[in-house]
Amino acid sequence: MAEQKKVFIFDDNTDILELCTFILEDAGYEIKTSSTSNNIIDQVSAYIPDIIFMDNWLPDIGGIEATRELKGHATLKNIPVIYFSANNDVMLLADQAGADGYLSKPFDIQELENIILKHLPA
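Fair warning: this is a prediction, and the values are worked out from it, not measured in the lab.

Undergrad: Go over the pairing of strand 3 (residues 51-55) with me, naming the residues and quoting the values.
TA: Burial within strand 3 is extensive, with 5 of its 5 residues counted as buried. A two-sided burial pattern is seen for strand 3, the buried positions comprising Ile 51, Phe 53 and Asp 55 on one face and Ile 52 and Met 54 on the other. Relative to strand 3, strand 1 (residues 6-10) runs parallel, the two being bridged by 4 bridges. The residue of strand 3 that forms the bridge with Phe 10 is Met 54. Relative to strand 4 (residues 81-85), strand 3 is paired through 4 bridges, and the arrangement is parallel. By the bridge assignment for strand 4, Ile 52 is matched with Val 81.

Undergrad: Residues and numbers for the sheet that holds strand 4, please.
TA: Overall, parallel pairing links the 5 strands, which are arranged 2-1-3-4-5 in an open sheet. Either end of the sheet is taken by a strand with one partner, and the two such strands are strand 2 (30-34) and strand 5 (101-104). On average, each strand axis in the sheet is inclined to that of its neighbour by 20 degrees, with strand direction left out of account. Contacting strand 1, strand 3, strand 4 and strand 5, helix 5 (residues 109-119) runs over the sheet at an angle of about 130 degrees to strand 3.

Undergrad: Residue-level account of the UniProt feature "domain: Response regulatory" (unreviewed entry) in the protein, with values.
TA: Under the local residue numbering, the UniProt record ascribes the feature "domain: Response regulatory" (unreviewed entry) to residues 6-120. Along residues 6-120 the backbone is 42% helical and 21% strand, and the end-to-end C-alpha distance reaches 10 Å.

Undergrad: So, the packing of aromatic side chains: which residues are in play, and what are the values?
TA: Across all of its chains, the model carries 4 aromatic pairs by this definition. The structure contains a cluster of three or more aromatic residues connected by ring pairs, namely Phe 8, Phe 10 and Tyr 47. Taking NZ or CZ as reference, Lys 6 lies 4.5 Å from the ring centre of Tyr 47, over its face. When the ring centre of Phe 84 is taken as reference, the NZ or CZ atom of Lys 105 above it lies at 4.6 Å.

Undergrad: Pulling in residues and values, what's your account of helix 3 (residues 62-71)?
TA: By the burial criterion, the buried members of helix 3 are Gly 62, Gly 63, Ile 64, Ala 66, Thr 67 and Leu 70. Of the surrounding elements, those touching the buried residues of helix 3 are helix 2 (40-45), strand 3, strand 4 and helix 4 (90-97).

Undergrad: Talk me through the environment of Ala 86; I want residue IDs and the actual numbers.
TA: Of note, Ala 86 is situated in the loop between strand 4 and helix 4. A C-alpha to C-alpha distance of 17 Å links Ala 86 and Ile 52, two positions 34 residues apart in sequence.

Undergrad: Outline the packing of helix 3 against helix 4, supporting the account with residue identities and numerical values.
TA: The axes of two packed helices give the description: the angle between them and the distance between them. Between helix 3 and helix 4, the least distance of the axes is 8 Å, while the angle of their chain directions is 35 degrees. Judged by residue contacts, Ile 64, Thr 67 and Arg 68 of helix 3 engage Leu 93, Gln 96 and Ala 97 from helix 4. Looking at side-chain class alone, the contact of helix 3 with helix 4 contains 3 nonpolar, 2 polar and 1 charged residues.

Undergrad: An account of the pattern of salt bridges is needed here, citing residue identities and associated values.
TA: Considering all chains together, one arrives at 3 salt bridges under this definition. Across the pair Asp 11 and Lys 105 runs a salt bridge, and its minimum N-O distance is 2.7 Å. Of this pair, Asp 11 sits in the loop between strand 1 and helix 1 (14-26) while Lys 105 sits in the loop between strand 5 and helix 5; the two residues are 94 residues apart in sequence, bridging distant segments of the chain. Between Lys 71 and Asp 100 there is a salt bridge, with its nearest N and O atoms 2.7 Å apart. Linking Lys 71 in helix 3 with Asp 100 in the loop between helix 4 and strand 5, this pair joins segments that are 29 residues apart in sequence. Residue Asp 100 is classed as partly exposed on the basis of its relative accessible area of 39%. Taken together, the salt bridges that share partners define one network made up of Asp 11, Asp 55 and Lys 105.

Procedures and definitions
Residues numbered from 1 in each chain as written. Predicted model: local features only at pLDDT ≥ 70, side-chain atom pairs only at ≥ 80, totals over all residues. Heavy atoms only, no water. Buried < 20%, exposed > 50% of the residue type's maximum accessible area, 1.4 Å probe, protein only. Helix = DSSP H or I, 4+ residues; strand = E, 2+ residues; numbered from the N terminus. Pairing = 2+ DSSP bridges. Axes fitted to C-alpha atoms, helices over the stretch in contact; angles between N-to-C directions. Contact = heavy atoms within 4.5 Å. UniProt positions renumbered as here; feature names shortened; annotations may be inferred. Phe/Tyr/Trp six-rings, centres within 6.5 Å; stacked < 30°, edge-to-face > 60°. Lys NZ or Arg CZ within 6 Å of the ring centre and 35° of its normal. Nonpolar A, V, L, I, M, F, W, Y, C, P; charged D, E, K, R; others polar. Salt bridge = Lys/Arg side-chain N within 4 Å of Asp/Glu carboxyl O.

Below is the structure:
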């Protein structure tokens, strides 16, 4: 069996974290979640996910700044970051952050799985 792909989800809403974990574990992914973007480099370096979901409203440094930090890092910049937010301007925010893609909340399960498949090699 292929190695499980690792997904790291940053969101300060525990309901969203639980929902995403439930959906994605069911789909065969390994999940790690965090409700803060503090020490983003350390958090991501400790796990080395295959893809990251980044909420816009995160305590302290926020999703845009956290994404920029990751994208400015020599080894972590190649991990796809999907910006996800209920904000109407999620596409613009993702662009400002330098994210690789975006997902509007609320999303359906298929959208969530599709964006992972789009950004991860099979």
